[in-house]
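Residue-level structure breakdown
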Amino acid sequence: MKGAGVLLGIVVVVAGTLAVPVAWVQGGPFPDLAVLAVVYAACSGTPERATAFGIAIGFALCPFGPEPLGQQALLLGGLGWLVARLNRNLYRERIGTQMAVAFLAVMVLRLASAGMAETSLAREAALAARSGGIAWASERGATASPGSLHGYRLGSLFSGTLAGALGTAAAVLPVFAILDRTGLLGALESRAWRRARSAGV
Amino acid sequence: MRSRRIPRAPAALLACLAVALLFPHALGGARTTLAGRLVPVAEASTAADEAAQWREAYARRTYEVIRLRQERDAVQERAAVPADLEGLRQVEVVPSAAAATGAVVLARVLDRGSGSAVRRTFLVDAGRSSGVVPGLPVLQGNSLVGIVGTVSDGYARVLRVDDISPSCRFPALILPGGREEDAAGRDDGLCQGTADGRLLVSFLAKGQAAAGDLVVTGPGRHPVPEGLVLGVVERFGDDDRDGEWQAVVRPLRDLDRLSSVCVLLTPAVDPEVRAK
């Protein structure tokens, strides 16, 4: 029965992510629901459960983007594993810690996504060049000074990522409260977390 | 001898990394189909509104197809060349020929790619069964809004013009004040997406553009026809002072709110004719 709650949680995260315009998700202060769910699972559960949950959300989001199969699963699973492993060094019950973790998680995840996208783009460029479609653009791009384009793109990437990270950190309090009250991800919680919660920490 | 237990979480992450690196395009068609089938379910509650919007959009598209054909006629008139170059002309007007045969597929936009952290794409309900293949241009009205990326039988994922993909690089012409006749003799620039809803046209010289100028696709990017609108110049400058000026371009269409688009099909051209 608790497994159904986790499944429902994944569906809610995917539907919530897809329901908003892409400009809000990538450039606005809209909270990253996937990161919030994985950080909650990592703060309240074990590394194995948090990793599995992150991988599951990553694969669920996979059909709705052009990224390589498994990339989002890797990033979200890695986030869950890392945060859960660091739990013993964090005051994870404190809301400030949770907000800081969510903020850093969005920053690292989006920048890693951008870095991995650049890697996969090189392969896309090779495929497109093979079809002959962008031979002109490739030839032109090879002689370009990349500073201006990269500078512009990095600027917009940082501002969008910062806005998203702030939005996600601000959403920690209400979202974690809802998850605590409803017990939606109860199947992922560890005994230590339950004890701490019942003790009112 | 004590057996050593393999940690499951890092092993699962390594498996994901291996899949992402070794098979980046694995199950591309299957993923597109899955997304296409899931999204209408998610949007079932607004089916009535969607149907009304779709009827309205269909009517609008009909007018757009008529306008496209008028534009095709105009391009064909301009493309008139001496008879001895007739074979060459056939190659150069391939996109217009596609429009001439009515090879335009109307498609509904299903999802707008919010599942991605950095890429800009959308899903349409036209696929291989309608003749859609990767690389084809996707239009709304006279604006280029994307390039077909992944295709399955009934669905296609379109890379938006503001995506950072190399497939979304186009030769671009600046039309001062939006008058096409002023473009004669002008050098072209390279238009690329910036993943923030804007396009960046580079390789321009000082004074070659100004805010408000229209930007259209240039020649040399098969199968994207020349003259499709990319957007309007929002800002023009040389921020890094290297002598190469760039124009930040805002697409005319709101790419976040597209509801239906046209995919411009390209008829198969005899390889011998293309080689000429």
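Below or above, wherever it landed, is the structure these notes cover. (Residues numbered from 1 in each chain as written. Chains lettered and ligands numbered in written order. Predicted model: local features only at pLDDT ≥ 70, side-chain atom pairs only at ≥ 80, totals over all residues. Heavy atoms only, no water.)

1. Describing the overall build of chain A
- Across its full length, chain A carries 9 helices and 0 strands.
- Overall, chain A shows an N-to-C arrangement of helices and strands of α-α-α-α-α-α-α-α-α.
- Among the 201 residues that make up chain A, the fraction classed as buried is 52%.
- In chain A, once contacts between residues fewer than 6 apart in sequence are set aside, the share between residues at least 24 apart is 78%.
- Accessible surface computed for chain A: about 9100 Å², of which carbon and sulfur atoms make up 68%. (Helix = DSSP H or I, 4+ residues; strand = E, 2+ residues; numbered from the N terminus. Buried < 20%, exposed > 50% of the residue type's maximum accessible area, 1.4 Å probe, protein only. Contact = heavy atoms within 4.5 Å. Areas by Shrake-Rupley, 256 points an atom, 1.4 Å probe, with all protein chains shown as cover.)

2. A look at the pattern of salt bridges
All names here are of chain B.
- Going through the model one piece at a time under the given rule, you end up with 10 salt bridges over all chains.
- Across the pair Arg-160 and Asp-162 runs a salt bridge whose closest N-O atoms are separated by 2.8 Å. Asp-162 shares its class with Arg-160; the two are buried.
- The partner of Arg-250 in a salt bridge is Glu-234, and the shortest N-O contact between them spans 3.7 Å. Separated by 16 residues along the polypeptide, Arg-250 in strand 11 (residues 245-250) and Glu-234 in strand 10 (residues 229-237) bring together distant segments of the chain.
- Judged by its relative accessible area of 37%, Glu-234 is partly exposed.
- Beyond isolated ion pairs, a larger network of salt bridges with shared partners links Arg-120, Arg-160, Asp-162 and Asp-256. (Salt bridge = Lys/Arg side-chain N within 4 Å of Asp/Glu carboxyl O.)

3. Thoughts on the packing of aromatic side chains
Residues and elements named next belong to chain A.
- In the structure shown here, the tally under the stated rule is 3 aromatic pairs over all chains.
- Note on Trp-24 and Phe-30: the rings are 6.2 Å apart at their centroids and 40° apart in plane angle, and the pair reads as tilted.
- Assessed through its relative accessible area of 48%, Trp-24 is described here as partly exposed.
- On the basis of an interplanar angle of 80° and a centroid distance of 5.1 Å, the ring pair of Tyr-40 and Phe-176 is categorised as edge-to-face. Of the two residues, Tyr-40 sits in helix 3 (residues 33-44) while Phe-176 sits in helix 8 (residues 147-182), which places them 136 residues apart along the sequence.
- Exposure remark for Tyr-40: the relative accessible area of 0% places this residue in the buried category. (Phe/Tyr/Trp six-rings, centres within 6.5 Å; stacked < 30°, edge-to-face > 60°.)

4. Topic: the packing of helix 4 (residues 47-61) of chain A against helix 1 (residues 8-22) of chain B
- Between helix 4 of chain A and helix 1 of chain B, the least distance of the axes is 9 Å, while the angle of their chain directions is 20°. One element, helix 4 of chain A, and the other, helix 1 of chain B, form an angle in the roughly parallel class. Every pair of crossing elements has a handedness; the one defined by helix 4 of chain A and helix 1 of chain B is left-handed. Here Pro-47, Glu-48, Thr-51, Ile-55 and Phe-59 of chain A of helix 4 of chain A lie close against helix 1 of chain B, whose contacting residues are Ala-9, Ala-12, Leu-13 and Cys-16 of chain B. (Axes fitted to C-alpha atoms, helices over the stretch in contact; angles between N-to-C directions. Parallel < 35°, antiparallel > 145°, perpendicular 65-115°, else oblique. Left-handed = near helix turned anticlockwise from the far one by under 90°.)

5. Comments concerning the state of the cysteines
Residue and element names in this part refer to chain B.
- Within this structure, the stated rule accounts for 0 disulfides over all chains.
- Of the cysteine sulfurs around Cys-191, a residue in no disulfide, the closest is that of Cys-168, at 9.4 Å.
- Cys-168 supplies the cysteine sulfur nearest to Cys-262, a cysteine that is in no disulfide, at a spacing of 18 Å.
- With relative accessibility at 2%, the residue Cys-262 sits in the buried group. (Disulfide = S-S within 2.5 Å.)

6. A closer look at helix 3 of chain A
All names here are of chain A.
- Here helix 3 is 12 residues long and its end C-alpha atoms lie 17 Å apart, about the 16 Å a rise of 1.5 Å per residue gives.
- All buried positions along helix 3 are accounted for by Ala-34, Val-35, Leu-36, Ala-37, Val-38, Val-39, Tyr-40, Ala-41, Ala-42, Cys-43 and Ser-44.
- Sitting at the amino-terminal end of helix 3 is Asp-32, which places a side-chain oxygen 3.3 Å from the backbone nitrogen of Ala-34. (Expected span 1.5 Å × (residues − 1). Polar contact = N/O pair within 3.5 Å; in protein donor to acceptor, adjacent residues only side chain to side chain.)

7. Here's the deal with the nonpolar core
- One finds Val-35, Val-39, Phe-53, Ile-57, Leu-76 and Leu-79 of chain A to be the most contacted residues of the largest nonpolar core, which totals 48 residues.
- Among the secondary structure elements, those contributing two or more residues to this core are helix 1 (2-19), helix 3, helix 4, helix 5 (71-85), helix 6 (95-130) and helix 8 of chain A together with helix 1 of chain B.
- The element best represented in this core is helix 3 of chain A, accounting for 10 residues.
- In terms of nonpolar packing, the next biggest core, distinct from the first, is built from 44 residues, Ala-126, Leu-139, Ala-247 and Leu-255 of chain B among them. (Core = buried A, V, L, I, M, F, W, Y, C linked by side-chain atoms within 4.5 Å.)

8. Remarks on the side chain of Ser-202 of chain B
- Its place among the elements puts Ser-202 of chain B in strand 8 (residues 199-204).
- Excluding residues that lie within four positions of it along the chain, Ser-202 of chain B makes contacts with Gly-189, Leu-190, Gln-192, Glu-244, Trp-245 and Gln-246 of chain B.

9. Concerning the packing of helix 5 of chain A against helix 1 of chain B
- Direction vectors running N to C along helix 5 of chain A and helix 1 of chain B enclose 155°, while the axes themselves pass 8 Å from each other. Judged by the angle between their axes, helix 5 of chain A and helix 1 of chain B are roughly antiparallel. Viewed along their axes, helix 5 of chain A and helix 1 of chain B form a crossing whose handedness is left-handed. For the pair helix 5 of chain A and helix 1 of chain B, the contacting residues are Gln-71, Ala-73, Leu-74, Gly-77, Gly-78 and Trp-81 of chain A in the first and Ala-9, Pro-10, Leu-13, Cys-16, Leu-17 and Ala-20 of chain B in the second.

10. Side note on the environment of Thr-17 of chain A
- Within the secondary structure, Thr-17 of chain A sits in helix 1.
- Exposure remark for Thr-17 of chain A: the relative accessible area of 10% places this residue in the buried category.

These results come straight from atomic positions and should not be treated as a statement about function.
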